[in-house]
Amino acid sequence: MDEIRKKFSRPLKVLVIEDNVIDQKILESMLTEPPAIASFLKIAGKLSEGIKLVNEFPFEIAILDLNLPDSQGIETITVFSRHALDLAIVVNTGVYEDDLGLETLKHGAQDFLIKSKYNSYVLNKVLHYCLERKQRERDLVNAYHELKEAQQHLIDSEKFKIVGRLAGGVAHEVKNPLATISYGITYLQQNLKTPDSNQLKVMENIKEAADRADKIVNDLLDFSSLDQFQKTPASIQSVIRKAISLVQYQLDEKQIQLIEIFTDDHDRVMIDKNRIGQVVINLILNAAHAVPPHGEIQISTHLSAWPDLGLPGSWGKPDLFASGEKIVVIRIEDNGVGIPENVLDKIFEPFFTSRRAAGGTGLGLSICRNIMEHHEAGIKIFNRPEGGVCAALCFRALSQAQEDEYAAKKDLNH
Amino acid sequence: MRQKKILIIDDEKTFTVVLKISLEALAKYIVYVENDSSRAVATACKFRPDLILLDIIMPYKEGPDVAIEFKNHPFLKQIPIVFLTANIRPEEIDEQNNRIAGHIFIAKPTPFEDLVQTIDRNIHQSVSL
Ligand SMILES: Nc1ncnc2c1ncn2[C@@H]1O[C@H](COP(=O)(O)OP(=O)(O)OP(=O)(O)O)[C@@H](O)[C@H]1O
Ligand SMILES: [Mg+2]
């Protein structure tokens with residue numbers, strides 16, 4: 001009970017939007033006379049003024065008159081709630097109109113009051129109830145998004161499994177004819193006595209096409225072998241260094257500047273080095289594809305404690321690690337074109353690609369996510385406020401005790 | 001130097017035709033092809049190769065079973081076997097020095113030059129029959 005009483009006597013940050021001076025005065029006195037309902041109060045006489053104030057101050061709740069000099073009726077609430085998504089809203093109407101009152105709830109208000117039909121006790125109660133209701137609404141919206149995400153994930157991983165099953169069989173069937181083509185061309189290139197320039201060009205192009213088909217088949221094979229992992233203790237930085245050396249050529253070709261920021265932080269993790277190397281390579285190549293010639297890619301690592309990794313937004317899976325657990329974070333950032341908001345939730349889908357014409361299969365990120373899930377580790381990709389994309393990976397740090405335990409077990413096996 | 005004899009056991013006909021011609025173009029091998037793995041031992045007895053290129057996934061009899069038959073054979077057992085497989089990525093093999101569980105593997109399609117190198121590296125160890 002005390003808890004509740006405390007909650008209901010907490011003073012609020014209130015915005016009043018009301019053009020009638022008498023109504024303004026009534027509300028002001030109700031809100032500020034001790035015991036004050038509002039600890040912070042601003043009054044606007046026009047809708048536009050109110051919207052301006054919302055952007056300047058951290059209000060919790062707004063009391064809104066629907067008939068203002070610059071906006072009337074339902075429109076007032078629809079416009080206002082669009083500009084004040086996080087605010088609880090109470091509509092303050094002059095006359096009791098059932099229909100209008102209910103209508104306002106549909107458009108973002110949490111409750112409505114009828115002028116001169118309430119005292120400060122009722123007002124206080126209504127404001128606090130509204131805040132509670134708004135909080136519930138937010139929870140519901142969040143729960144909906146989480147559910148949506150989980151559902152999408154399920155669909156993806158089902159697609160993934162089917163592709164994986166098909167891939168193993170198909171890859172073999174395709175690789176054999178590919179081997180014939182590729183050896184055949186090599187033979188012709190080396191043994192044709194005096195080929196003219198067109199014949200040379202045709203052979204070169206056949207070879208290139210065969211190599212590309214081979215890459216796609218290899219990607220598919222990755223799917224079918226995704227459950228075989230060999231995890232050992234490893235340094236993340238050494239894995240990144242090796243990955244960089246394998247893509248250096250592609251970076252140089254586009255004259256991309258690679259900035260490495262490695263701290264001396266602990267960076268030991270339990271991973272399959274080849275697989276995680278593959279993830280890092282995929283992310284670097286994605287960044288390389290997104291940046292212009294002479295573009296910039298930055299790779300950094302640091303140690304954090306879950307869930308505060310120094311990244312914007314949440315991870316969607318708050319229970320990925322225990323709170324306070326030490327986490328090794330890798331960030332791969334670029335100053336490229338970024339990802340349009342409307343496809344941001346599709347990029348992990350198998351076969352989603354915006355680079356089909358340039359030879360993208362769209363398997364890169366879905367393989368990355370799968371590998372990360374096999375490590376009970378996290379991957380997140382978001383647009384940076386300053387432009388470009390940041391891909392972040394996070395792993396549970398390996399403690400000295402775990403490392404010793406692994407070494408002891410290994411000794412035992414020898 | 002005597003030309004070395006290579007036996008290719010692989011059911012993919014287009015591949016064996018091209019590989020035989022390619023290898024023989026180098027003028028240092030004589031190549032024989034067997035597309036039916038169930039006849040592998042009989043063919044090897046007749047041809048007496050210095051090295052065998054063996055596909056892994058084949059109808060009738062799979063590569064590893066063929067290899068076991070060779071290992072159990074009184075004189076075929078000394079012939080080095082190089083497995084050809086379309087089921088792994090080249091990177092996976094490179095990591096282990098072309099070996100998986102002691103056997104030599106070549107991924108299809110590995111560049112032709114690498115295949116030749118692997119053949120030459122392993123063929124010299126064999127005693128000619
Ligand atoms: N750093 C980035 N900047 C901009 N867009 C990106 C970035 N990383 C990924 N994307 C988007 O996500 C899509 C999917 O990426 P993914 O790696 O799965 O496939 P891909 O790179 O298109 O093809 P591939 O299978 O060859 O990797 C890309 O096509 C691109 O639209
Ligand atoms: Mg990619």
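This report concerns the structure included in the present document.

All names here are of chain A. Taken together, 19 residues lie around ligand 1, and N286, T353, S354, G362 and L365 are the ones closest in. Measuring from a nitrogen atom of ligand 1, one finds a side-chain N or O atom of D334 at 2.9 Å. One of the backbone nitrogen or oxygen atoms of G362 is found 2.9 Å away from an oxygen atom of ligand 1. For ligand 1, the accessible surface in isolation is 600 Å², of which the surrounding protein chains cover 92%. When its residues are assigned to classes, the shell around ligand 1 shows eight nonpolar, eight polar and three charged.

With that settled, the discussion passes to the sheet that holds strand β12 (residues 389-396) of chain A. Residues and elements named next belong to chain A. The mixed open sheet is built from five strands, whose spatial order is β7-β9-β10-β12-β11. Bordering the open sheet on either side are β7 (257-262) and β11 (378-383), each of which pairs with just one other strand. When the angles between neighbouring strand axes are averaged without regard to direction, this sheet yields 15 degrees. Pairing between β7 and strand β9 (residues 296-305): six bridges, direction parallel. Bridging from a neighbouring strand, E260 pairs with I299 of β9. In this fold helix α8 (residues 236-253) packs onto β7, β9, β10 (326-334) and β12, with an angle of close to 175 degrees to the strand it touches most, β7.

Quick look at the environment of D111 of chain A now. All names here are of chain A. With respect to the secondary-structure elements, D111 resides in strand β5 (residues 111-114). Each C-alpha atom of the pair D111 and C130 lies 6.5 Å from the other, and the pair is 19 residues apart in sequence. Aside from chain neighbours lying at most four places away, what touches D111 is I89, V90, V91, L105, V126, C130 and R133.

Residues and elements named next belong to chain B. Tallying each qualifying case throughout the model produces eight aromatic pairs over all chains. Taken together, a centroid distance of 4.8 Å and an interplanar angle of 35 degrees make the contact between Y32 and F47 tilted. Residue Y32 is located in strand β2 (residues 29-34), and its partner F47 is located in helix α2 (residues 40-47); the two are separated by 15 residues in the primary sequence. When the ring of F83 is compared with that of F105, the centres are 5.2 Å apart and the planes differ by 25 degrees; the resulting orientation is stacked.

Rules and cut-offs
- In this convention, every chain numbers its residues from 1, walking through the sequence in written order.
- Here chains are named by letter from A upward and ligands by number from 1 upward, in the order in which they appear as written.
- Given that this is a predicted model, residues contribute local features only at a pLDDT of at least 70 and side-chain atom pairs are listed and counted only at 80 or more, while totals for whole chains, interfaces and linings are drawn from all residues.
- By convention in this description, side-chain values take in all heavy atoms of the structure and omit both hydrogens and water.
- Residues are labelled near a given molecule or strand when at least one of their non-hydrogen atoms is within 4 Å of it.
- Polar contacts, as used here, are pairs of N or O atoms within 3.5 Å; protein pairs need one atom able to donate a hydrogen and one able to accept it. Residues neighboring in sequence count only if both atoms are side-chain atoms.
- Accessible surface area values rest on a Shrake-Rupley calculation with a 1.4 Å probe, where residue burial reflects the displayed protein chains alone.
- In this classification, the charged set is Asp, Glu, Lys and Arg, the nonpolar set is Ala, Val, Leu, Ile, Met, Phe, Trp, Tyr, Cys and Pro, and all remaining amino acids, among them Gly, are polar.
- Whether two strands pair comes down to DSSP finding at least two bridges between them.
- Secondary structure is summarised from DSSP: a helix means a run of H or I of at least four residues, a strand means a run of E of at least two, and numbering begins at the N terminus for each.
- Axis lines are fitted through C-alpha atoms, for helices just across the contact stretch, and the angle between N-to-C directions can take any value from 0 to 180 degrees.
- A contact between two residues is defined here by any heavy atoms of the two lying within 4.5 Å.
- Stacked, edge-to-face and tilted are the three classes for Phe, Tyr and Trp ring pairs, Trp counted by its six-membered ring, which pair at centre distances within 6.5 Å; planes under 30 degrees apart are stacked, over 60 edge-to-face, the rest tilted.

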